[in-house]
Amino acid sequence: MDVPPEVPKEDGRPKWDNKFQYILSCIGFAVGLGNVWRFPYLCQIHGGGIPLLHLELALGQCLRKGSINAWHTISPYLGGVGVASLMVSILVSLYYNTILTWVMWYFINSFQEPLPWSICPLNENRTGLNEECYESTAVNYFWYRKTLNITPDVTDSGTLQWWLILCLAACWAIVYLCTIRGIETTGKAIYVTAIFPYLVLTIFLIHGLSLPGATEGLVYLFTPNLNILQNPRVWLDAATQIFFSLSLAFGGLIAFSSYNPSKNDCEKDAVTVAIVNSITSLYASIPVFSVLGFKALTGYWDCLDRNIISVINEYDLPEQSITRQNYTDWITFLNSSNPEKLAGLKLKSCDLQEFLDQSVSGSGLAFIVFTQAIILMPGSQAWAILFFVMLFSLGLSSMFGNIEGVFTPLLEVKVISKSIPKELLSGIICLASFLFALCFTLGSGSYWIDIFDSYAGSLPLLVIAFFEVIGVAYVYKIKRFSKDMKWMTGRKLNLYWQITWKFISPLLLLIVFVAFVTLQIQKKPTYAAWNPKYEHFPVKEQKVYPPWVQAICVLLAALPCIFIPLVALIHLIKRMRRSKDPSFVPPEIFSCQEFNSNFSHPPQK
Amino acid sequence: MLGVLLLAFSVVSVASAELCKPDAQNAFKVRLSIKTALGDNAYAWDANEEYLFKAMIAFTMRRYSSKSTTQISNVLLCNVTDRVSFWFVVTDSSKNTTTVPGSEVEAAIRMNRNRINSAFLLSDKTLQFLKISTTLSPPVEPSTPVWLIVFGVVLSLIVAGIVFLVVSGIQQRKKKNKESTERENLEEKGEVTITIENGIPCETLDLKAGHVNGVFAADDERFTSL
């Protein structure tokens, strides 16, 4: 009897419509809000990054399972790594979508003329501007009061902000709409959410470069600040930023590549995704810094103009006699004739460098600094709308990966997949997350988001990544994995990958982990609180976390990591019990190739 | 006669000099920023403009209080600088030696501020009466906040999308269930063995493009009739 030709496997697993969808999803997951608002000099060290990315993509492709089952297949003792990934994905999804809520709030407010963050409201008896707004800026007021309604302390929870709840519901509804059937729906949505940001970045690039002050901003971008680079904390942030930037250790990448056909060049994919991620960061930094330079220059000019008005009014000089150019000459002249009178004016010293240094990173960049720059541009509504839609798309494509990291493993748990249709599972995930995320809409919500970001989104990733590399390199063994890789890509595994997986990556991860923990323990965990009653307001007040909050921080960092030893222990106990049973047959040695070739023969009759 | 006139004149001018000087009682400082407001269309500040200013202040006092009989000559200007800034004071029309109380002047100017501003093509910021604070107009707020409208539009689009996808998913599931029950029924009757002819399952041949070959058609003709 002739052996019939290989029929493509029909294991009922969903698959990508085409390769481009898969690559775009991985890029969308990796490219997120951090690429725009964390400074590039923090993000571009890729010694630890690409090998782990390659590892995760290869693993998912070979095993064709979500993170929990995949690690269970590698070794039952390592099943906890998958569970830890699931936990981290859940925790990160909760607060990441709240950041998108803020973006959506700003987006729907961008349709108002004039922009609501450009003017201060009046105070109660209409004699002047609102005090909190007047002392800080209108942009700060809109962010801290009108959006967050922030409380002065993390222990003071405040009330639920109804407008944020509405936006949160809308955001989770959008996430549900796009992930309702897993990659069937996200695969279509990703075409828009992954490509649109690049269009907007290009528009901002062209416009930003035409603004005055763009060159100053770009010069600032490309001159490394040696003081900052000497701080070890900065390098540590850079190292952890890689994991967050490439979205490693979330389980989402494993989920994405598990929907691939087995014979796919995952090495090329990994390198592509990593390169695109880096290029996007650099590409995004150019319009961002041009606009920041514009804002700094405008601030500098404003400072000068205010000083000039004070001097002109005081000395009753004709208007426009002092210009920005001859300001310093005039000051020296007036200082030499009557220094006391000049000192009595209390002129602020205007320094362009100081204005450039004010450019923060993180959410402050988008919601405070950039919004202020947008007010100064003509046609500010359009720029605001474009900017916030871009941020929303960036964040949404990352959310797809986070949700896939939760959805795929849960879908493979046998109890769930038989009884619940996909739409209901994703609905349950979104609804449960929405209810939990309501905590972040409290007055103290943004403090909690910072806590989640610093503790749940940093340390566990390092631990998970470490165990991933160790698991593949030493438990599954590199030789077996090389054979699997050869079967999948058709090429022998490059020595570079073997060396990095066996030695360099685990070592780097260990060093970063130890450094991180050491630095954390050394300094007291503080946070910056927005307190209008603070004596140095609008400078933020540095406060220390109370003990119960610190306990929560430790819990957040430890909870995902605990699962790794826990599951190993459970399996050990099961194994010991089973080994006493004489009829126990040890499980077969798993191989990626055999696993996949089981499906390649049609059913024998 | 001439001597008396000269004496009277000097008394008046000394008196007015005493009435109008920087930080005098009931005197106000005014500051104009014409170039900032008008740019290239800025006019020069000269005696004619000063005359207009005096006229406006007299008008303001008259408008404020119907009993007032302030004349242009009752408004005294002094210390005009290049900035353009000066001090002014309003003397009582009945007695030239006293000045109108500052509170009255302030109230009058507050009431007619926009008339004064528009006479000079300036605004509250560019024509400043120091010591007289302006009442700020509240920002215009629409009855329904704009963001609520946009939010409503966005949310309705999302809900429509979700409903569509869920309903289509349910329909697909129903179709699949119907197909699988049909298949089960056929299997129960034992008629489905997927026989393969040249790699094509016979089932599809039957369902799709099977033509009955007319030569072999009639079953009853297989057997010759008895």
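What you see is a predicted model; the values in this text were computed from it and never measured.

**Thoughts on the UniProt feature "binding site: Na(+)" (unreviewed entry) in chain A**
Residues and elements named next belong to chain A. Here the UniProt-annotated "binding site: Na(+)" (unreviewed entry) positions come out as G28, A30, V31, N35, S245, N277, L394 and S398. The named residues occupy 371 residues along the chain; their greatest pairwise C-alpha distance, 12.4 Å, places them in one compact cluster. Here N35 lies in helix α2 (residues 33-37). If near-sequence neighbours (up to four positions away) are discounted, N35 is found in contact with A30, S245, N277, T280, S281 and A284. In this structure the side chain of N35 is engaged in a polar contact, spanning 2.8 Å, whose partner is the side chain of N277. Its place among the elements puts L394 in helix α19 (residues 380-412). If near-sequence neighbours (up to four positions away) are discounted, L394 is found in contact with G28, V31, G32, L33, V36 and P197.

**Details of the packing of helix α14 (residues 266-315) of chain A against helix α15 (residues 327-337) of chain A**
All names here are of chain A. At their nearest, the axes of α14 and α15 sit 12 Å apart, and the two run at 40° to each other. With respect to their mutual orientation, α14 and α15 come out oblique. Here α14 runs over α15; the crossing is left-handed. Of α15, the residues touching α14 (which contributes L304, N307, I308, V311 and Y315) are Y327, I331 and L334. Tallied by class, residues from the contact of α14 with α15 come to seven nonpolar, one polar and no charged.

**Points about a nonpolar patch on the surface**
Residues and elements named next belong to chain A. On the surface, Y474, V475, L495, I499, F503, I504 and L508 cluster together to form a nonpolar patch covering roughly 610 Å² of accessible area. When residues of the nonpolar patch are traced back to their parent elements, those giving at least two are α23 (459-475) and α25 (495-522). Note that L508 resides in helix α25. Judged by its relative accessible area of 36%, L508 falls in the partly exposed class.

**Here we look at the interface of chain B and chain A**
In this complex, chain B contributes 29 residues to the contact, which on the side of chain A involves 34 residues. When the two sides are added together, the surface that chain B and chain A hide from each other amounts to roughly 2800 Å², 67% of it contributed by carbon and sulfur. Its largest share of buried area at the contact with chain A, chain B owes to R83(B), W147(B) and F151(B), together 26% of the area lost on that side. The tally of links from chain B across to chain A stands at two salt bridges. For K29(B), the salt bridge is made with D316(A), and the minimal N-O distance between the two is 3.8 Å. At the junction of chain B with chain A, the criterion picks out nine residue pairs in polar contact (both at pLDDT 80 or more). Breaking the side of chain B that touches chain A down by element, the ones donating at least two residues are β1 (28-32), α2 (34-38) and α6 (146-188) of chain B. Among the elements that line the side of chain B that touches chain A, the one with the most residues is α6(B), at 14 residues. Split into classes, the residues belonging to the side of chain B that touches chain A amount to 15 nonpolar, eight polar and six charged.

**As for the packing of helix α8 (residues 162-179) of chain A against helix α21 (residues 422-437) of chain A**
Residues and elements named next belong to chain A. Between α8 and α21, whose axes approach to 10 Å, the crossing angle comes to 160°. Taken as axis vectors, α8 and α21 run roughly antiparallel relative to one another. For α8 against α21, the interelement crossing comes out right-handed. Between α8 and α21, the residues in contact are I165, L168, A169, W172, V175, Y176 and T179 and E423, S426, G427, C430, S433, F434 and A437, respectively.

Thresholds applied
Residues numbered from 1 in each chain as written. Chains lettered and ligands numbered in written order. Predicted model: local features only at pLDDT ≥ 70, side-chain atom pairs only at ≥ 80, totals over all residues. Heavy atoms only, no water. UniProt positions renumbered as here; feature names shortened; annotations may be inferred. Helix = DSSP H or I, 4+ residues; strand = E, 2+ residues; numbered from the N terminus. Contact = heavy atoms within 4.5 Å. Polar contact = N/O pair within 3.5 Å; in protein donor to acceptor, adjacent residues only side chain to side chain. Axes fitted to C-alpha atoms, helices over the stretch in contact; angles between N-to-C directions. Parallel < 35°, antiparallel > 145°, perpendicular 65-115°, else oblique. Left-handed = near helix turned anticlockwise from the far one by under 90°. Nonpolar A, V, L, I, M, F, W, Y, C, P; charged D, E, K, R; others polar. Patch = residues over 30% accessible without salt bridge, like charges linked within 9 Å, V, L, I, M, F, W, Y side chains within 5 Å. Areas by Shrake-Rupley, 256 points an atom, 1.4 Å probe, with all protein chains shown as cover. Salt bridge = Lys/Arg side-chain N within 4 Å of Asp/Glu carboxyl O. Buried < 20%, exposed > 50% of the residue type's maximum accessible area, 1.4 Å probe, protein only. Buried area = accessible area lost by both parts, 1.4 Å probe.

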